[in-house]
2 protein chains.
Amino acid sequence: MKTITVSLGKRSYPICIGAGIRNSAGKFLQRFHLPRHLVIVTDTIVARLYLDDVRRSLERAGFAVFSIVIPPGESQKSLQRAGAMYTELLHHRIGRKATIVALGGGVVGDLAGFIAATYQRGVNFMQMPTTLLAQVDSSVGGKVGINHPLGKNMIGAFYQPLSVLADTEMLQSLPQRERVCGIGEVIKYGIILDKRFFEYVRKNLTNILAMEPTVVANVVARCCELKAFVVSRDEKEENMRAILNFGHTVGHALEQAGHYRSLKHGEAILLGMVAETFLASRLKMISAEDVRRIEEVVAAVPVPRSLGFSFSAAKLIETMRNDKKSVAGTVRFVLPERVGAVTLPMPVKEGAIAGALDYLEKFVKRL
Amino acid sequence: MKTITVSLGKRSYPICIGAGIRNSAGKFLQRFHLPRHLVIVTDTIVARLYLDDVRRSLERAGFAVFSIVIPPGESQKSLQRAGAMYTELLHHRIGRKATIVALGGGVVGDLAGFIAATYQRGVNFMQMPTTLLAQVDSSVGGKVGINHPLGKNMIGAFYQPLSVLADTEMLQSLPQRERVCGIGEVIKYGIILDKRFFEYVRKNLTNILAMEPTVVANVVARCCELKAFVVSRDEKEENMRAILNFGHTVGHALEQAGHYRSLKHGEAILLGMVAETFLASRLKMISAEDVRRIEEVVAAVPVPRSLGFSFSAAKLIETMRNDKKSVAGTVRFVLPERVGAVTLPMPVKEGAIAGALDYLEKFVKRL
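Residues numbered from 1 in each chain as written. Chains lettered and ligands numbered in written order. Predicted model: local features only at pLDDT ≥ 70, side-chain atom pairs only at ≥ 80, totals over all residues. Heavy atoms only, no water.

**Regarding the packing of aromatic side chains**
Residues and elements named next belong to chain B. Which entries qualify depends on this criterion: A pair of Phe, Tyr and Trp rings is counted when the ring centres sit within 6.5 Å of each other, with Trp represented by its six-membered ring. The angle between the planes then sorts it: under 30 degrees is stacked, over 60 is edge-to-face, the rest tilted. What counts as a helix is a DSSP run of H or I of at least four residues, what counts as a strand is a run of E of at least two, and both are numbered from the N terminus.
Using the criterion set out here, one finds 4 aromatic pairs over all chains in the structure. With centroids separated by 4.2 Å and ring planes inclined at 15°, the aromatic side chains of F278 and Y359 adopt a geometry described as stacked. Placement of F278 in helix α11 (residues 265-282) and of Y359 in helix α14 (residues 350-366) is noted, with a sequence separation of 81 residues between them.

In structure tokens form, the structure reads like this:
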């Protein structure tokens, strides 16, 4: 088992990574001297596969476990679902000393985290990410939230977990599309911070897609290290943390254009990175060689060969303007200077953005 | 103008108290080097009286002001209203660098604060309390939140403002019932922490009810000092802060029994303090002399002479059990040991609680 620490003073916490550690979740949680009541939040897919294992381990360790099982999918990150969950918690008299455990992917983590941040002014929170994307990215760093019909993650908080417990064995059951999503964020970490890691990922892409245990454990651990490094320096995205949004300005707009159905988050990020790398190359900030390397690795991942919605650059730009990363309606981008280094967010003219979106549309057709 | 500091490390903030300071709100806010966009949240009653003054002052100082005006009343502290406010903010493209200014009483402060805590993962927040209750209590300390049909303030956060600006001149326009509500919390501060202040309040009750400027300024300042003292030592109610809940265990249950209409918060707290003082006297924790002093001051305030709902001790206890201050279904009380000192929350047998509620019912009839 590997342990990585997110350093945030009194709110520092460990990320533990290992194969099969879901079965020792109870023993692990005992370290935190938590009150007895735990609430597992999970979705129907994960519940079928792993809820019994986790519950058994927790109960063996003396915890009283209550579970809330929601349908899968991004549409659950809504104010309606949050409202129903508050009601369920209150009906079952869950008090403010309880601990909410998010057992699932990014949707479950973001939603359960938002509930933990706001139920009775905040209760203990624990992450057990079950997807590659959640293990390498979304479960670490304390961003929690839900969507609004006018934009993704528009309602939320920074709320750090007490710990993250990532069982890499659970990744074996991931469908291909979920694997691809995680790889999107994995590649992002290479581009923004670590050229050597980018090369490792490029060479091991087949192994990662196959969820080869040793390689996947290395990948999860390195991404968590990189994210912990960033979050420890800038918890609330006042400066450096914004680099984690590479690929996300275009990516979020693509997700929204497809109503969060046509493209999943990680797929949209893969395509977003291509468009944003193109922007950097037009601004003569990155070498043609590095552009080629980034595009090649994205093309080697089985990303969707068609977007599944009609592509309108104007509409996508309109969405970006409303994104919370925009400042006074000006769209900003984190741009790569080379593999391993990116800029802080910078404004880009809308003509250039339109050009990058046209390029992306052609890139997808060429795949 | 008096300034009191809430000491919370990097998140410390000033409370400024003075007559007419709403008209220099703009100049005051310039100190904080905020981005241009401000959103005033207020209700229709306060808007009619003071919105123009505040807006004018802010605009003169160069701010761009957008306002959201909601109906008055506790029923606005709902997930539905919060949802509508997120939509309005997004429609008007309010970004995450904006500042939300709560101009109003406790309802506006709690609701606007919850929006500030959760809109785009948190934006700047400023309090301009307009009622006695908000100036002496609810605007200070960072508790924000909304209600759930199953309980008050069940959804919320700890989210500190950048500053509190309390214009005591605005209290002149308060209706009698609102004055009474504020006095409930004022008396509470005397009982829990400061015997001398209790005596001052007792002697000046008529002046306070008349909102006599000098007396009211003294009262607001002293309550803020006492609250700042408590909050600085225990921001998140892990121990000492719980003493602020004296009168609130019974008070919240009474409010809920009257559907937040029959009794207002401060009125319910006044009655709650009588019931909880009776509990302390039954447990032989407080002298008969001090019980009499507490009851006399409550009786001297024009509290409602009838509750306006049918009184059921069993139902009230059931509500208390579901209160978030309960631990595993056990109702706990902050009990006075004398005027000026209270205990931390302690469990009390339900038979004793029922006795105290019977006593309260008779007390109200005797008024």
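**Points about the relation of the copies chain B and chain A**
The following threshold applies: The atoms used to superpose the copies are C-alpha atoms, taken from residues with pLDDT of at least 70 in both, and the fit is least squares. For this analysis, residues touch if any pair of their heavy atoms sits within 4.5 Å.
Aligned on chain A, chain B shows an RMSD of 0.0 Å; the corresponding rotation is 180° and the shift along the axis is 0.0 Å. Within this description, the copies of the chain are treated as partners about a two-fold rotation axis. Closest approach to the rotation axis within chain B is made by the C-alpha atom of L79 of chain B, at a distance of 4.0 Å. Comparing interface residues between copies, 100% of those in chain B also lie at the interface in chain A; the contact surface is shared.

**A closer look at the side chain of E178 of chain A**
Residues and elements named next belong to chain A. The cut-off we apply is this: Any pair of nitrogen or oxygen atoms within 3.5 Å is treated as a polar contact; in protein, a donor-acceptor pairing is required on top of that, and neighbouring residues in sequence qualify only through side-chain atoms on both sides.
Turning to its location among the elements, E178 is positioned in helix α6 (residues 176-193). A distance of 2.9 Å separates polar atoms of two side chains, one belonging to E178 and the other to K264. Not counting residues up to four positions away in its chain, the partners in contact with E178 are T131 and K264.

**Some points on the packing of helix α10 (residues 248-257) of chain A against helix α11 (residues 265-282) of chain A**
Residues and elements named next belong to chain A. Selection rule: Working convention: axes come from line fits to C-alpha atoms, limited for helices to the stretch in contact. Angles between N-to-C directions cover 0 to 180 degrees. Any angle that falls under 35 degrees is termed roughly parallel, while one over 145 is termed roughly antiparallel, one within 65 to 115 roughly perpendicular, and all others oblique. For any pair of crossing helices, the crossing counts as left-handed if the nearer helix is rotated counterclockwise from the farther one by less than a right angle, and right-handed if it is rotated clockwise.
Where α10 contacts α11, the two axes come as close as 7 Å, and the packing angle between them is 130°. On the basis of the axis angle, α10 is oblique to α11. Crossing of α10 over α11 shows right-handed handedness. When α10 is examined against α11, the residues H248, T249, V250, G251, H252, L254 and E255 are found in contact with a partner set consisting of H265, A268, I269, L271, G272, A275 and E276.

**Re the environment of G190 of chain B**
Residue and element names in this part refer to chain B. Put simply, the test is: The buried label goes to any residue with under 20% of its type's maximum accessible area, the exposed label to any with over 50%, and the partly exposed label to all in between, with areas taken from a 1.4 Å probe on protein chains only.
In this fold, G190 is placed in helix α6 (residues 176-193). Exposure remark for G190: the relative accessible area of 0% places this residue in the buried category. Counting along the chain gives 10 residues from G190 to Y200, while the straight-line C-alpha distance between them is 8.9 Å. Ignoring sequence-local partners within four residues, the contact set of G190 consists of K195, F197, F198, V339 and G340.

**Concerning the domain arrangement of chain A**
Residue and element names in this part refer to chain A. Definition in use: For the domain bounds, the source is a domain assignment made automatically or taken from a database. In this description, buried area is defined as the sum, over both parts, of the accessible area (probe of 1.4 Å) that is lost when the two are combined. Salt bridge, as used here, is a side-chain nitrogen of Lys or Arg placed within 4 Å of a carboxyl oxygen of Asp or Glu. Throughout, the ten residues Ala, Val, Leu, Ile, Met, Phe, Trp, Tyr, Cys and Pro are labelled nonpolar, Asp, Glu, Lys and Arg are labelled charged, and all others, Gly among them, are labelled polar.
Assigned domains within chain A: domain 1 (2-173) and domain 2 (176-210 + 246-366). For domain 1 and domain 2, the distance between their C-alpha centroids amounts to 28 Å. With 14 residues of domain 1 at the interface, the matching set in domain 2 holds 20 residues. On the domain 1 side of the interface with domain 2, the three residues burying the most area are L132, L133 and K152, jointly 41% of the side's total. Applying the counting rule to domain 1 against domain 2 returns 2 salt bridges. K188 is the salt-bridge partner of D137, the closest N and O atoms lying 3.7 Å from each other. Connecting domain 1 to domain 2 are 4 residue pairs in polar contact (both at pLDDT 80 or more). If you list the elements that add at least two residues to the side of domain 1 that touches domain 2, you get α5 (132-138) and β8 (151-158). Here the residues of the side of domain 1 that touches domain 2 are counted per class, giving 7 nonpolar, 4 polar and 3 charged.

**A short note on the pairing of strand β1 (residues 2-6) of chain B**
All names here are of chain B. Quick reminder of the rule: DSSP-based pairing: two strands are paired if at least 2 bridges between them are found.
Note: β1 against strand β2 (residues 13-18), 5 bridges, orientation antiparallel. Each bridged residue has a counterpart across the sheet, and for I4 the counterpart in β2 is I15. The antiparallel hairpin formed by β1 and β2 contains 6 residues in its connecting segment, where G9 sits at a positive phi of about 55°.

**A few points about the side chain of T277 of chain B**
All names here are of chain B. For T277, the position within the fold is in helix α11. Assessed through its relative accessible area of 0%, T277 is described here as buried. Contacts of T277, omitting those with residues within four sequence positions, involve F246, I286, V291, I294 and P336.

**What about the environment of G355 of chain A?**
For G355 of chain A, the location among the structural elements is in helix α14 (residues 350-366). Spatially, the C-alpha atom of G355 of chain A lies 43 Å from that of Y13 of chain A, the residues being 342 residues apart in sequence.

**Considerations on the interface of chain B and chain A**
At the junction of the two partners, chain B supplies 30 residues and chain A supplies 30 residues. Between chain B and chain A, a total of about 3,100 Å² is buried, with carbon and sulfur atoms accounting for 56% of that surface. Three residues stand out in chain B for area buried against chain A, namely R96, R121 and K324 of chain B, and they jointly supply 25% of the buried area on that side. Taken together, the links from chain B to chain A amount to 4 salt bridges. The salt bridge involving E237 of chain A is made with R96 of chain B; its shortest N-O contact spans 3.4 Å. Applying the counting criterion to the chain B and chain A interface returns 14 residue pairs in polar contact (both at pLDDT 80 or more). For the side of chain B that touches chain A, the elements supplying multiple residues, two or more each, are α3 (79-91), α4 (106-118), β7 (143-148), β8 (151-158) and α13 (313-322) of chain B.

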